[in-house]
Amino acid sequence: QVQLVESGGGLVQAGDSLRLSCAASGRSFSTYAMFWFRRAPGKEREQVAAIDWSGNSKYYYGSAKGRFTISRDNALNTVYLQMDSLRPEDTAVYYCAVGKYIGPFHSPDYWGQGTQVTVSS
């Protein structure tokens, strides 16, 4: 059984930092791409960041550029999202995911349940 469990969310003030973690179990994802998505209240889900299997290729989307950093540790089957200079607009449920491909025509194969991030002004 595949499981992805996010952790590290919480309530912070604007300008603060958080590091999210997502630990996968049930199988190794060392050959998979890994992703972070988020869904803000009243908005559609959006992609935040992606990282390829080797960790050498990283992609950031929208307002995450320049503020967030994605990384992974294949020995731990874990993906991380370092979030700096947080803004109230970053308030959302953050989801990790894994899949075979990175691109606009592909969706991840497995999803976590999400962790809440709330940024106060």
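These numbers were taken from a predicted model, which means no experiment stands behind them.

S.K.: Could you give me a rundown of the pattern of salt bridges, with the residues and numbers involved?
M.R.: Close approach of charged atoms allows side chains with opposite charge to pair. What the rule picks out here adds up to 3 salt bridges. In this structure, Arg38 and Asp90 form a salt bridge, with 3.0 Å as the shortest nitrogen-oxygen distance. In this pair, Arg38 is assigned in strand 4 (residues 33-39) and Asp90 in the loop between strand 8 (78-83) and strand 9 (92-99), connecting sequence segments 52 residues apart. As far as the burial class goes, Arg38 and Asp90 line up, both buried. Salt-bridge contacts for Arg67 lead to Asp90; the nearest nitrogen and oxygen are separated by 2.8 Å. Note that Arg67 is positioned in the loop between strand 6 (58-60) and strand 7 (68-73) and Asp90 in the loop between strand 8 and strand 9, a separation of 23 residues in sequence. On the basis of relative accessibility, which here comes to 1%, the residue Asp90 falls in the buried class. One salt-bridge network, in which partners are shared between bridges, spans Arg38, Glu46, Arg67 and Asp90.

S.K.: Quick one: what's the story with the packing of aromatic side chains, residue by residue and with numbers?
M.R.: Evaluated as defined, the whole model comprises 4 aromatic pairs. Taken together, the ring pairs in this structure connect Phe29, Tyr32 and Tyr110 into an aromatic cluster. Above the plane of the ring of Phe37 lies Arg45, whose end atom (NZ or CZ) is 5.5 Å from the centre. In this structure, Lys100 packs its charged tip against the face of Tyr32, placed 4.6 Å from the ring centre.

S.K.: Break down the nonpolar core for me, with residues and values.
M.R.: Membership of the largest hydrophobic core comes to 27 residues, with the highest contact counts inside it found for Trp36, Val48, Phe68, Val79, Leu81, Met83 and Tyr94. Residue assignment for this core shows that the elements contributing at least two residues are strand 3 (18-25), strand 4, strand 5 (46-51), strand 7, strand 8, strand 9 and strand 11 (115-120).

So, how was this worked out
- Sequence positions are assigned chain by chain, starting from 1 and proceeding in written order.
- Selection of residues for local features in this predicted model requires a pLDDT of at least 70, selection of side-chain atom pairs for listing and counting requires 80 or more, and totals for whole chains, interfaces and linings are taken over all residues.
- Note that the side-chain values use all heavy atoms of the structure and ignore hydrogens as well as water.
- A pairing counts as a salt bridge when a side-chain nitrogen of Lys or Arg comes within 4 Å of a carboxyl oxygen of Asp or Glu.
- Segments assigned H or I by DSSP are reported as helices when at least four residues long, segments assigned E as strands when at least two residues long, and all are numbered from the N terminus.
- Residue burial is assigned from relative accessible area. The probe radius is 1.4 Å, only protein chains are included, and a residue is buried under 20% of its type maximum, exposed over 50%, and partly exposed in between.
- Here is the rule: rings of Phe, Tyr and Trp (six-membered ring for Trp) pair when centre to centre is within 6.5 Å. Planes less than 30 degrees apart are stacked, more than 60 are edge-to-face, and the remainder are tilted.
- Charges are assigned to positions over rings by a cutoff of 6 Å between ring centre and Lys NZ or Arg CZ, combined with an angular limit of 35 degrees from the ring normal.
- Throughout this description, the term nonpolar core refers to a set of buried Ala, Val, Leu, Ile, Met, Phe, Trp, Tyr and Cys residues connected via side-chain atoms within 4.5 Å.

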